[in-house]
Amino acid sequence: MFQKYKSAELVKPGGLDLKDRLVGVQRVTKVTKGGRAFGFSAIVVVGDEAGVVGQGLGKSKDVATAIAKAVEDAKKNLVRIPLKGKTLPHEQKGKFGGARVNIMPAAEGTGVIAGGAVRTVLEAVGVHDVLSKSQGSSNPHNVVKATFDALLQLRDANAIARDRGISLEQVFKA
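In this text, all values refer to a predicted model and were calculated from it rather than measured experimentally. (Residues numbered from 1 in each chain as written. Predicted model: local features only at pLDDT ≥ 70, side-chain atom pairs only at ≥ 80, totals over all residues. Heavy atoms only, no water.)

Within the chain one finds five helices and nine strands. Going from N to C terminus, the chain has its helices and strands arranged as β-β-β-β-α-β-β-β-β-α-β-α-α-α. Judged by the C-alpha coordinates and their principal axes, the chain covers about 70 × 35 × 30 Å. Counting only residues that meet the buried cut, the chain has 40% of its 174 residues in that class. (Helix = DSSP H or I, 4+ residues; strand = E, 2+ residues; numbered from the N terminus. Buried < 20%, exposed > 50% of the residue type's maximum accessible area, 1.4 Å probe, protein only.)

Below, the structure written as structure tokens:
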């Protein structure tokens, strides 16, 4: 899922204190010749609130099983996000499907200015001061994936210096 991101560092869930947050549960209906068959899909974000986060989707005939499956799926997709203190290293835009998300670093004490699914993801990452704007589709599945798209494009100054083959001081002078 994260192959297109150079800076995406996959993380193993062992030894991490992960907290799971439910983004949404949808009831889905499949119409068969015997009537309607109801099922549930759940989207969950797990994170250690210190830069490691993952998202997962679970589907089942009952809500509890769907959530459990989503949590297991999320633990398989953990990535490390570079943070700068309690905020982000720089502004970033992400998109997935019809959803577009813009996340911006904020001054200390600002809090998490984000709505719905974006807030859930940013809190799971451990960001405390951030501004965000979600545009286009409000479908929680796509908004979560757009937020991940933005977070996975974030790079800290050390990574930029390493990629360019220059010193850290030259990054800020350029």
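What follows is about the sheet that holds strand 7 (residues 99-105). Paired through their backbone hydrogen bonds, the strands of a sheet run either parallel or antiparallel. With mixed pairing, the four strands of this open sheet are ordered in space as 6-7-9-8. Of all strands in the sheet, those bounded by a partner on one side alone are strand 6 (92-96) and strand 8 (112-113). Inspection of the sheet shows strand 6 paired to strand 7 by five bridges, in the antiparallel sense. The residue of strand 7 that forms the bridge with Gln92 is Ile103. Its contacts with the sheet place helix 3 (residues 140-152) against strand 6, strand 7 and strand 9 (130-136), and it is angled at close to 140° to strand 6. (Pairing = 2+ DSSP bridges. Contact = heavy atoms within 4.5 Å. Axes fitted to C-alpha atoms, helices over the stretch in contact; angles between N-to-C directions.)

Let's shift gears to a nonpolar patch on the surface. Among the surface-exposed residues, Leu22, Val25 and Val63 lie close enough to one another that they form a single nonpolar patch of about 200 Å² accessible area. Relative to the assigned elements, Leu22 resides in strand 2 (residues 19-32). What makes Leu22 partly exposed here is its relative accessible area of 43%. (Patch = residues over 30% accessible without salt bridge, like charges linked within 9 Å, V, L, I, M, F, W, Y side chains within 5 Å. Areas by Shrake-Rupley, 256 points an atom, 1.4 Å probe, with all protein chains shown as cover. Salt bridge = Lys/Arg side-chain N within 4 Å of Asp/Glu carboxyl O.)

As a further point, take the UniProt feature "domain: S5 DRBM" (unreviewed entry) in the chain. Sequence positions flagged by UniProt for "domain: S5 DRBM" (unreviewed entry) are, in local numbering, residues 18-81. The span residues 18-81 shows a helical share of 22% and a strand share of 59%, and its end C-alpha atoms are spaced 15 Å apart. (UniProt positions renumbered as here; feature names shortened; annotations may be inferred.)

On to the environment of Gln135, then. Residue position: Gln135 is located in strand 9. Taking the C-alpha atoms as reference, Gln135 lies 8.5 Å from Gly98; in sequence the two are 37 residues apart. Setting aside anything within four residues of it in sequence, one finds Gln135 in contact with Gly98, Ala99 and Arg100.

The next thing to look at is the sheet that holds strand 2. One open sheet holds the five strands; their spatial order is 1-5-4-3-2, and the pairing between them is antiparallel. Unpaired on one side and paired on the other, strand 1 (9-10) and strand 2 mark the two borders of the sheet. Relative to strand 5 (residues 79-80), strand 1 runs antiparallel, the two sharing two bridges. Residue pairing for strand 5: Glu9 is matched across the bridge by Arg80.

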